[in-house]
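Fold and contact review
The residues making up each chain are set out below.
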Amino acid sequence: DDIKGELADKLVTKCAVGAFDIEDVGQDRRAVVSDKLRDCTLCRECIRDSDLAPLVRLARKKDHFIFTVESTGIIPPAELFKQAVKTLKSKAQNLLDHLEALEGQGAVAAMEEEMEDDDVES
């Protein structure tokens with residue numbers, strides 16, 4: 001459902017980072033998600049209000065990651081990202097190797113199988 005009128009204004013003022021904005025639709029004013037949604041810290045301020053709580057749903061996307069790449073310009077950002085992923089993959093493999101040594105083959109084999117399934121889906 002749309003959040004309209006005074007409730008829309010209330011929602012916009014509750015959010016310190018500006019994740020919501022007001023859109024005028026004919027005679028109505030309604031709250032919409034702004035382009036600053038990624039700034040949301042999940043502070044839950046927007047759902048502490050009993051009027052807004054049933055209208056707002058907060059959730060994280062469990063399989064969603066946002067990477068910010070900054071470069072001085074020597075290495076192009078795309079190449080820097082590739083190198084970072086290789087490093088992350090190497091560190092994850094190192095962790096799996098240590099877990100294997102600690103817990104035995106069974107638990108690690110299951111994790112590796114799950115990772116292979118994720119790679120196929122990608």
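Look up: the structure comes first, before these words.
Here's a quick rundown of the structure. Just so it is clear, the model here is predicted, and its values are computed rather than measured.

Another aspect to go through is a nonpolar patch on the surface. Among the surface-exposed residues, F65, F67, V69, F81 and V85 lie close enough to one another that they form a single nonpolar patch of about 490 Å² accessible area. Residue placement: V85 occurs in helix α3 (residues 77-103).

Moving on: the nonpolar core. In terms of nonpolar packing, the biggest core is built from ten residues, these being I3, A8, L11, C15, A19, F20, A31, C46, L52 and V56. When neighbours within four sequence positions are excluded, V56 is seen to be in contact with I3, L11, C46 and I47.

A complete count under the given rule lists nine salt bridges for this structure. Put simply, R29 and D9 hold a salt bridge, and the shortest N to O gap is 2.7 Å. One end of the pair, R29, is in strand β2 (residues 28-33); the other, D9, is in helix α1 (residues 5-14), and 20 residues separate them in sequence. A relative accessible area of 35% means that R29 is categorised as partly exposed. Note that D51 is salt-bridged to K10, the shortest N-O span being 3.2 Å. With a gap of 41 residues between them, D51 in the loop between α2 (45-48) and α3 and K10 in helix α1 connect regions that are remote in the sequence. With a relative accessible area of 28%, K10 lands in the partly exposed category. Salt bridges linked by common partners bring K10, K14, D49 and D51 together as one network.

Calculation rules
Residues numbered from 1 in each chain as written. Predicted model: local features only at pLDDT ≥ 70, side-chain atom pairs only at ≥ 80, totals over all residues. Heavy atoms only, no water. Patch = residues over 30% accessible without salt bridge, like charges linked within 9 Å, V, L, I, M, F, W, Y side chains within 5 Å. Areas by Shrake-Rupley, 256 points an atom, 1.4 Å probe, with all protein chains shown as cover. Salt bridge = Lys/Arg side-chain N within 4 Å of Asp/Glu carboxyl O. Helix = DSSP H or I, 4+ residues; strand = E, 2+ residues; numbered from the N terminus. Core = buried A, V, L, I, M, F, W, Y, C linked by side-chain atoms within 4.5 Å. Buried < 20%, exposed > 50% of the residue type's maximum accessible area, 1.4 Å probe, protein only. Contact = heavy atoms within 4.5 Å.

Any functional reading would require information that these geometric values do not contain.
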